[in-house]
Amino acid sequence: MSRILSGYNPDVEPDEVDELVEAWTRERDDLDLAPVEVFSRISRLARLLDKARREAFTAHQIETWEFDVLSALRRTGAPYQLTPGALLRQTMVTSGTMTNRVDRLALRGFVERSPDPSDRRGVLVRLTAPGKRAVDGAFETLLASERDLLSDLSSTDRTRLAELLKQLMTPFR
């Protein structure tokens, strides 16, 4: 079975990555396939999570990009408002893209713009009640879906997995 899984667990069914690694091992036993075992699973999980996210958001009639902007506003706490610049930093898009997104969300009644009292030329983007309902509903649905994805792991294993993934991401910060 899997060469790097020193703690092989016979209770865990082999998956397609195990099959892929076995095939590569037959063909190229000179290679260390440890990265394939990790990153092929992460890649597959990312696709499953993207699908779960799209389904959660679709159930609440919002797009992924809309969730990104609405959740950035929602996380700030009342009165749920940010400058466009702060939204840019939180969502990592260009200013032109953010302007377009705020315009489209305003048309849907999910956000509104108001003058920034601390900057005469500035604007604040504020989450409206319908926007708050949309993002809260989508987030609750998403969390239920993600809990299902993690349901076979113990609390200890979930904590350890989160720690390992955080460690893996360290070089990218």
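Residues numbered from 1 in each chain as written. Predicted model: local features only at pLDDT ≥ 70, side-chain atom pairs only at ≥ 80, totals over all residues. Heavy atoms only, no water.

Asker: How do you make sense of the pairing of strand 3 (residues 119-127) when you look at a structure like this?
Answerer: Within a regular strand, the side chains alternate between the two sheet faces. Looking at chain direction, strand 1 (residues 81-82) and strand 3 are connected through two bridges and run antiparallel. Paired with Gln81 across the strands is Arg126, a residue of strand 3. Direction of pairing for strand 2 (residues 111-116) relative to strand 3: antiparallel, over a ladder of six bridges. Bridge pairing in strand 3 links Ser114 to Leu124. (Pairing = 2+ DSSP bridges. Helix = DSSP H or I, 4+ residues; strand = E, 2+ residues; numbered from the N terminus.)

Asker: Help me out: how do you make sense of the sheet that holds strand 3 in this one?
Answerer: Sheet strands pair via backbone hydrogen bonds, and the direction of the pair is either parallel or antiparallel. Read from one edge to the other, the open sheet built from three strands follows the order 1-3-2, with strand pairing classed as antiparallel. Only two strands of the sheet have a single partner each, and these edge strands are strand 1 and strand 2. Here helix 3 (residues 64-75) sits on the sheet and contacts strand 1, strand 2 and strand 3; the angle it forms with strand 3, its principal contact strand, is near 100°. (Contact = heavy atoms within 4.5 Å. Axes fitted to C-alpha atoms, helices over the stretch in contact; angles between N-to-C directions.)

Asker: Where do I start with the nonpolar core in this structure?
Answerer: Across soluble globular proteins, nonpolar side chains show a tendency to be buried alongside one another. Phe57, Ile62, Leu70, Leu73, Leu87, Leu105 and Val111 are the most contacted members of the largest nonpolar core, which totals 24 residues. Of all elements in the fold, only helix 2 (34-58), helix 3, helix 4 (84-91), helix 5 (95-107), strand 3 and helix 6 (129-150) reach the threshold of two or more residues within this core. With six residues, helix 3 is the largest single contributor of residues to this core. (Core = buried A, V, L, I, M, F, W, Y, C linked by side-chain atoms within 4.5 Å. Buried < 20%, exposed > 50% of the residue type's maximum accessible area, 1.4 Å probe, protein only.)

Asker: Where do I start with a nonpolar patch on the surface in this structure?
Answerer: On the surface, a nonpolar cluster with roughly 800 Å² of combined accessible area is contributed by Val38, Phe39, Ile42, Leu45, Leu48, Leu149, Leu150, Leu161, Leu165 and Leu168. For the nonpolar patch, the secondary-structure elements that each account for two or more residues are helix 2, helix 6 and helix 7 (155-169). Among the elements that make up the nonpolar patch, the one with the highest residue count is helix 2 (five residues). Mapped onto the elements, Leu149 comes out in helix 6. (Patch = residues over 30% accessible without salt bridge, like charges linked within 9 Å, V, L, I, M, F, W, Y side chains within 5 Å. Areas by Shrake-Rupley, 256 points an atom, 1.4 Å probe, with all protein chains shown as cover. Salt bridge = Lys/Arg side-chain N within 4 Å of Asp/Glu carboxyl O.)

Asker: Help me understand the pattern of salt bridges, please; the structure alone is not making it clear to me.
Answerer: Between side chains of opposite charge, a pair can form as their charged atoms come close. Tallied over the entire structure, the rule returns 13 salt bridges. Between Glu146 and Arg53 there is a salt bridge; the shortest N-O distance is 3.6 Å. A residue pair is termed long-range when its members are at least 10 positions apart, and Glu146 in helix 6 and Arg53 in helix 2 qualify at 93 residues. Of the charged contacts, one joins Asp103 and Arg113 as a salt bridge, the two residues approaching to 2.4 Å between their closest N and O atoms. Placement of Asp103 in helix 5 and of Arg113 in strand 2 is noted, with a sequence separation of 10 residues between them.

Asker: Sorry, what's going on with the layout of surface pockets here?
Answerer: Rolled over the atoms, a probe sized like a water molecule indicates the empty space that remains. Volume-wise, the second largest pocket comes out at about 160 Å³. The wall of the second largest pocket is formed by Phe67, Asp68, Ser71, Ala72, Arg75, Gln90, Thr91, Val93 and Arg101. Contributions of two or more residues to the lining of the second largest pocket are made by helix 3 and helix 4. The element that contributes the greatest number of residues to the lining of the second largest pocket is helix 3, accounting for five residues. Here the lining of the second largest pocket is composed, by residue class, of three nonpolar, three polar and three charged. (1 Å grid on protein atoms, 1.4 Å probe; cavity = no way out; pocket = protein on both sides within 12 Å on 5 of 7 lines; lining within 4 Å. Points joined across faces, edges and corners; volume = space filled by probe spheres on them. Nonpolar A, V, L, I, M, F, W, Y, C, P; charged D, E, K, R; others polar.)

Asker: Before we go on, may I ask you to explain unusual backbone geometry in this structure?
Answerer: What is expected of a backbone is that most residues other than glycine have negative phi and most peptide bonds are trans. Note that the residue after Ala78, namely Pro79, is joined by a cis bond; omega there is 10°. Positionally, Pro79 belongs in the loop between helix 3 and strand 1. Within the chain, Gln61 stands out as a residue other than glycine whose phi angle is a positive 55°. Within the fold, Gln61 resides in the loop between helix 2 and helix 3. The exposed category is assigned to Gln61, whose relative accessible area is 54%. Look at Met92: it is not a glycine, yet its phi comes out positive at around 55°.

Note that every value here comes from positions in space, so none of it alone points to a role or purpose.
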